[in-house]
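What follows is the residue order along each chain.
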Amino acid sequence: MPSVAFHTLGCKLNFSETSAMRRHFVESGFVCVDFDAFSNVYVINTCSVTEEANKKCRQMIKRCIRINPDAYIVVTGCYAQLEAKQVAEIHGVDLVLGSNEKTDILNYLDPSLSKSKSAVIVVGNILKDKIFKPSFSSGDRTRTFLKVQDGCDYYCTYCTIPMARGVSRSASLDETIAEARRAAHLGAKEIILTGVNIGDFGRRNGESFLELVKALELVDGVERYRISSIEPNLLTDEVIAFVSKSKKFMPHFHIPLQSGSDEVLQLMRRRYDTSFFRQKIEIVHRLIPEAFIGIDVIVGTNGETLEYFNDSVRFIESLDFAQLHVFTYSERPNTMALRIKPVVDMAERHRRNSVLHDLSVKRHSAFLHRFVGNRARVLFESGEHDGMICGFSENYIKVAVPYDVSLDNKICDVEITSVSGDFVIGRLI
């Protein structure tokens, strides 16, 4: 039986797609092995958000060749879609597949799995293709990532995602619910909804994201849902209100801000301003006071003067949030941001990242301390870490208790007793 190994770079969406590819290989008679093991086939599902992501892909290809010089190497995902010829020229690559083609990966493999003198490129026109197949990650019963949407129609000036992922698209409500039921049948206790722009779900089908969350609430077997990153202008008041009363959707929101300067938001071509964003955060806290709110921010983008950055910091400090996800801007080819001036030098970009990173650490610690002495419902994950087993509360607090294998994939009541770095210590009730 031939063997196959996978490595995933980038977002949770990529992980759900890799998991779907893995299932297809197993169903076709392949044996899955670890990526660092000897394998007949290696599949690298790439990201291209930053140049660093492209660099990691090239490193993974070299690692495969060191392990097995005769291995059949497939590169797919965003880097492959955007820079197919560049990827094909990397020594050892046999097959380059675009973002849509990865869903039918087995149809493109050389049946003999023999290395060729030059890589085969199969990359369609992602901007015209409307193909979408919902998928979910498997192998982890505790948390499953359900892909409900792909692509984006926003064309923010700094972003290559529309070029790598295509137009916004999703399956029908019924097809998506069927995929959730399959995940539940495999034992998923918690499902995280993923996509490039999940709030756009159903728009081309005359359906909506609100209809999706209401339908998912009724799926038997799933005890928890989390909404991954969702644009503030698509996180409707109705969705927030539904989550506030839901028995399954967790009080946890991940909302990209990208900048706290209205001038920079305009340069980015974002679809909201700081006033709108503040109102959205306030609505969440009014309806769900204990909610965990994570916020994405990009620093050092072209056009972000020191004054604009300082404005951004002041605005972010004025918000009630639990954690920041801070990204340092990286120039991407063929984006409109390249025309914007001034350009922030790299040392200053890293300094700005540090400023917001330090703010995030303080806010996250304060958020954790708020709940010391409170009870939490924790879904524990498998694995032992320094004699402890960890899981997440409903509002996304990482909780550790003394290790007990029987807690794996179980939801238990825990009293939070203390804070330890970026997680808390608990006592089973």
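Below you will find a few notes about this structure. All values reported here derive from a predicted model rather than from experimental measurement. (Residues numbered from 1 in each chain as written. Predicted model: local features only at pLDDT ≥ 70, side-chain atom pairs only at ≥ 80, totals over all residues. Heavy atoms only, no water.)

### Brief notes about the packing of helix α7 (residues 173-185) against helix α8 (residues 209-216)
Helix-helix packing is described using two parameters, namely the angle between the two axes and the distance between the axes. Formally: Interaxial angles span 0 to 180 degrees and are taken between N-to-C directions of axes, which are lines fitted to C-alpha atoms, for helices over the stretch in contact. Every helix listed is a DSSP run of H or I at least four residues long, and every strand listed is a run of E at least two residues long, numbered separately from the N terminus. Left-handed is the label given to a crossing in which the near helix is rotated counterclockwise from the far helix by less than a right angle, and right-handed is the label when the rotation is clockwise. We call two residues in contact whenever any of their non-hydrogen atoms come within 4.5 Å of each other. Charged residues are taken to be Asp, Glu, Lys and Arg, nonpolar residues to be Ala, Val, Leu, Ile, Met, Phe, Trp, Tyr, Cys and Pro, and polar residues to be all remaining types, Gly included.
Two numbers describe how α7 lies on α8: the axes approach to 10 Å, and their chain directions differ by 35°. Regarding α7 and α8, the two cross each other, and that crossing is right-handed. On α8, the residues that touch Leu173, Thr176, Ile177 and Ala180 of α7 are Glu211, Leu212, Ala215 and Leu216. Its residues placed into classes, the contact of α7 with α8 shows 6 nonpolar, 1 polar and 1 charged.

### Regarding a nonpolar patch on the surface
Inclusion rule: Residues enter a patch when their relative accessible area is above 30% and they make no salt bridge; the linking distance is 9 Å between like charges and 5 Å between nonpolar side chains (Val, Leu, Ile, Met, Phe, Trp, Tyr). Only the protein chains shown count as covering a residue, and every accessible area follows the Shrake-Rupley method with a 1.4 Å probe. When a carboxyl oxygen of Asp or Glu is within 4 Å of a side-chain nitrogen of Lys or Arg, the pair counts as a salt bridge. Using a 1.4 Å probe on the protein chains alone, a residue whose accessible area is under 20% of its type maximum counts as buried, one over 50% counts as exposed, and one in between counts as partly exposed.
On the surface, a cluster of nonpolar side chains totalling about 240 Å² of accessible area is made up of Leu127, Tyr155 and Met336. Examined against the element boundaries, Leu127 turns out to sit in the loop between β6 (120-122) and β7 (135-136). Given a relative accessible area of 37%, Leu127 falls into the partly exposed group.

### Quick look at the nonpolar core
What counts here: Here, nonpolar core refers to any group of buried Ala, Val, Leu, Ile, Met, Phe, Trp, Tyr and Cys residues whose side-chain atoms link them within 4.5 Å.
Counting 63 residues, the largest nonpolar core has Leu193, Phe209 and Leu356 as its most contacted members. Beyond its immediate chain neighbours, meaning those up to four positions away, Phe209 contacts Leu193, Ile198, Gly199, Phe201, Ile227, Ile230 and Val239. In terms of nonpolar packing, the next biggest core, distinct from the first, is built from 24 residues, Ala5, Cys47, Ala71 and Val75 among them.

### Some details on the packing of aromatic side chains
Here is the rule we go by: In this scheme Phe, Tyr and Trp rings, the latter by its six-membered ring, pair at centre separations within 6.5 Å, and the angle between planes marks the pair as stacked below 30 degrees, edge-to-face above 60, and tilted otherwise. Here, a charge over a ring means that NZ of Lys or CZ of Arg falls within 6 Å of the ring centre while also lying within 35 degrees of the ring normal.
Throughout the structure, instances matching the rule amount to 10 aromatic pairs. With a centroid separation of 5.5 Å and an interplanar angle of 80°, the aromatic rings of Phe6 and Phe25 are classed as edge-to-face. With Phe6 in strand β1 (residues 3-8) and Phe25 in helix α1 (residues 12-27), this pair connects stretches of sequence that are 19 residues apart. Three or more aromatic residues joined by ring pairs make a cluster, and in this case those are Phe292, Phe367, Phe371, Phe392 and Tyr396. The aromatic ring of Phe136 is capped on one face by Arg23, whose charged end is 4.1 Å from the ring centroid. One cation-aromatic arrangement involves Arg271 over Tyr154; the distance from NZ or CZ to the ring centre is 3.8 Å.

### A closer look at helix α12 (residues 306-317)
Cut-off, in case you're wondering: Residue count minus one, scaled by 1.5 Å, sets the expected span of a helix. Starting at the helix axis, one direction is taken to each C-beta atom, and the arc is that of these directions.
Over its 12 residues, α12 runs 16 Å from end to end, which matches the ideal 16 Å to within 8%, given 1.5 Å per residue. Taken residue by residue, α12 has Phe309, Ser312, Val313, Phe315 and Ile316 as its buried positions. Seen end-on, α12 carries its buried residues on one side only, within an arc spanning 165°. Turned more than 90 degrees away from the buried face of α12, the exposed residues are Glu307 and Arg314. Packed against the buried residues of α12 are β11 (252-258), α11 (274-287), β12 (292-299), β13 (323-328) and α13 (346-370).

### Remarks on the side chain of Arg165
Put simply, the rule is: Two N or O atoms count as a polar contact when they lie within 3.5 Å, although within protein this holds only if one can serve as hydrogen donor and the other as acceptor, and sequence-adjacent residues are included solely when both atoms are side-chain atoms.
Here Arg165 shows up in helix α6 (residues 161-165). Polar side-chain contacts of Arg165 include one of 2.5 Å to the side chain of Asn14. A polar contact of 2.6 Å, which involves the side chain of Arg165, links it to the side chain of Glu17. Ignoring anything within four residues of it in the chain, the contact list for Arg165 reads Leu13, Asn14, Glu17, Cys78, Lys102, Ile126, Lys147, Asp150, Gly151 and Val196.

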